[in-house]
Amino acid sequence: MGFITKHKKADDFLFCNQQTSQPFSERIWKDSLAEVLVESDLGVWGKDDSNNLRKVDVHSGKSITWYSFRHSYITMRLKAGVPVPVIAANTDTSMKYIQNHYFHYRADESTEILGKGRNIRPAEENLRWIGSV
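Conventions adopted
- Residues numbered from 1 in each chain as written.
- Predicted model: local features only at pLDDT ≥ 70, side-chain atom pairs only at ≥ 80, totals over all residues.
- Heavy atoms only, no water.
- Axes fitted to C-alpha atoms, helices over the stretch in contact; angles between N-to-C directions.
- Helix = DSSP H or I, 4+ residues; strand = E, 2+ residues; numbered from the N terminus.
- Parallel < 35°, antiparallel > 145°, perpendicular 65-115°, else oblique.
- Left-handed = near helix turned anticlockwise from the far one by under 90°.
- Contact = heavy atoms within 4.5 Å.
- Phe/Tyr/Trp six-rings, centres within 6.5 Å; stacked < 30°, edge-to-face > 60°.
- Buried < 20%, exposed > 50% of the residue type's maximum accessible area, 1.4 Å probe, protein only.

1. Here's the deal with the packing of helix H2 (residues 66–79) against helix H3 (residues 84–91)
Phase 1 of the analysis: Running from N to C, H2 and H3 cross one another at 160°; their axes reach a closest spacing of 10 Å. By the angle between their directions, the pair H2 and H3 is classed as roughly antiparallel. Every pair of crossing elements has a handedness; the one defined by H2 and H3 is right-handed. Where H2 abuts H3, its residues Arg-70, Tyr-73, Ile-74, Arg-77 and Leu-78 lie against Val-84, Ile-87, Asn-90 and Thr-91.

Right, dumping it as structure tokens:
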């Protein structure tokens, strides 16, 4: 059983059983995620881990799922300045959904970009029209 399919059509599964072309079962995906978390040092095998039920204790204490990687990817692309329409197309979701669920306004990160292009002059220049300066 291989991991990556011989992609032939647009709607083919990218990861599937090479013999049957069927998607992997939920158990295979969960076991794979557990392996990824341990191998990347994001967690350790839990005390009650067994071959029948894989358990990982994540160092951060957070619950990590495959969806967590999607969330991280979208958040990092937004922070890198990738336009929302590009991210939406790349992740097959709407711009509205990204704006509602992933965009988190942070004033400290926005100050520099909001100040670009502003021509700030000394106060005296702005008050010359009064004639008192």
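Anyway, onward from the coordinates.
2. Section: the packing of aromatic side chains
The relation between two aromatic rings is expressed through the spacing of the ring centres and the mutual angle of the planes.
Phase 1 of the analysis: Inspection of the entire model under this criterion finds 4 aromatic pairs.
Phase 2 of the analysis: Summarising the aromatic geometry, the rings of Trp-29 and Trp-66 are spaced 5.7 Å apart at their centres and angled 85° between planes, so their arrangement reads as edge-to-face. Linking Trp-29 in helix H1 (residues 26–39) with Trp-66 in helix H2, this pair joins segments that are 37 residues apart in sequence.
Phase 3 of the analysis: According to the relative accessible area criterion, Trp-29 is partly exposed, its value standing at 30%.
Phase 4 of the analysis: Each ring, one from Trp-66 and one from Phe-69, has its centre 5.6 Å from the other, and the planes form 45°; the classification is tilted. With Trp-66 and Phe-69 both in helix H2, this residue pair falls 3 residues apart, about one helical turn.

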